[in-house]
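# Architecture and fold: a report
For reference, the chains in residue letters:
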Amino acid sequence: TNGNGTYHIGGNWTNTTGTYIPGTSTVIFEGLGNQSITRTGGETFYNLTFNNSGTPNTITADNTITIDGAATFTAGQLNSAFDINFNGTTIGGSGSINATAGTVTYSNTATNILPGTYYNLTLTGTSVKALYGDITVLNNLTISAGILQLADKNISVTGTSSISGTIADNNS
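From a predicted model like this one, the values you see are computed outputs, not experimental measurements. (Residues numbered from 1 in each chain as written. Predicted model: local features only at pLDDT ≥ 70, side-chain atom pairs only at ≥ 80, totals over all residues. Heavy atoms only, no water.)

## Here we look at the overall build of the chain
Counting its secondary structure elements, the chain contains 0 helices and 24 strands. Radius of gyration (C-alpha) of the chain: 15 Å, near the 16 Å computed for a compact globule of 172 residues. Projected onto the principal axes, the alpha-carbon positions of the chain cover approximately 45 × 30 × 25 Å. For the chain, the residues scored as buried account for 45% of the 172 residues in total. Put simply, of all contacts in the chain between residues at least 6 apart along the chain, 12% involve residues at least 24 apart. About 7,400 Å² of surface is accessible on the chain, with carbon and sulfur atoms providing 48% of the total. (Helix = DSSP H or I, 4+ residues; strand = E, 2+ residues; numbered from the N terminus. Rg over C-alpha atoms; globule rule 2.2 N^0.38 Å. Buried < 20%, exposed > 50% of the residue type's maximum accessible area, 1.4 Å probe, protein only. Contact = heavy atoms within 4.5 Å. Areas by Shrake-Rupley, 256 points an atom, 1.4 Å probe, with all protein chains shown as cover.)

## A look at the confidence of the model for the chain
Averaged over the chain, the pLDDT score is 93; the fraction of residues at 70 or greater is 98%. At the level of individual helices and strands, the chain shows its lowest average pLDDT in strand 24 (residues 166-168), which scores 91, and its highest in strand 19 (residues 135-137), which scores 98. (pLDDT = per-residue confidence, 0-100.)

## Some details on the environment of I65
With respect to the helices, strands and loops of the structure, I65 is situated in strand 8 (residues 65-67). For the pair I65 and G3, spaced 62 residues apart in sequence, the C-alpha separation works out to 17 Å. Not counting residues up to four positions away in its chain, the partners in contact with I65 are I37, E43, F45, L48, L78, D83, I84 and N85.

## Focus: the packing of aromatic side chains
Inspection of every chain in the model, using the stated rule, returns 8 aromatic pairs. On the basis of an interplanar angle of 40° and a centroid distance of 4.8 Å, the ring pair of F50 and F73 is categorised as tilted. Linking F50 in strand 6 (residues 47-51) with F73 in strand 9 (residues 71-75), this pair joins segments that are 23 residues apart in sequence. Here F50 matches F73 in class, with each residue buried. Taking the centre distance of 6.2 Å and the plane angle of 70° together, the rings of F73 and F86 count as edge-to-face. Remark: F86 occurs in strand 11 (residues 84-86) and F73 occurs in strand 9; sequence separation between them is 13 residues. According to the relative accessible area criterion, F73 is buried, its value standing at 0%. By the ring-pair criterion, three or more aromatic residues cluster together here, those being F29, F50, F73, F86, Y106 and Y118. (Phe/Tyr/Trp six-rings, centres within 6.5 Å; stacked < 30°, edge-to-face > 60°.)

This is how it looks when you write it as structure tokens:
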């Protein structure tokens, strides 16, 4: 499908043989229970909103996902053992991330680092990025440039840290 509209998903996103061209569309996951994103080779979205208000309220990415526009975490937890690429803005709410493997990358314009657990976390670009909540990095933290603002949030890294940028512990 080629889209520039808004798509409301109450169930699972499964793309096994088709082609999804995101255009400037918005996909909103708004189920009342667990949901999943499945596409061999990964899936790319333009705007992606997680607003899963059910119990349980997890959205599982069964492959790599890339969000080129805005990623909005209104409610729900994104679970993944694959790469997640935030190439646009990130907007926090009460949502979180649980990435048990792979690398989560926040590019230059992704300025809110979502709360949760990351296996590998990479921050690129020169923009200021702020923790939206406490995070745990199970393996490697890489900050290639820019500033990571901790403010009153906590970060715990179990593996290796490679920091070419700056970590600030205030709101300046």
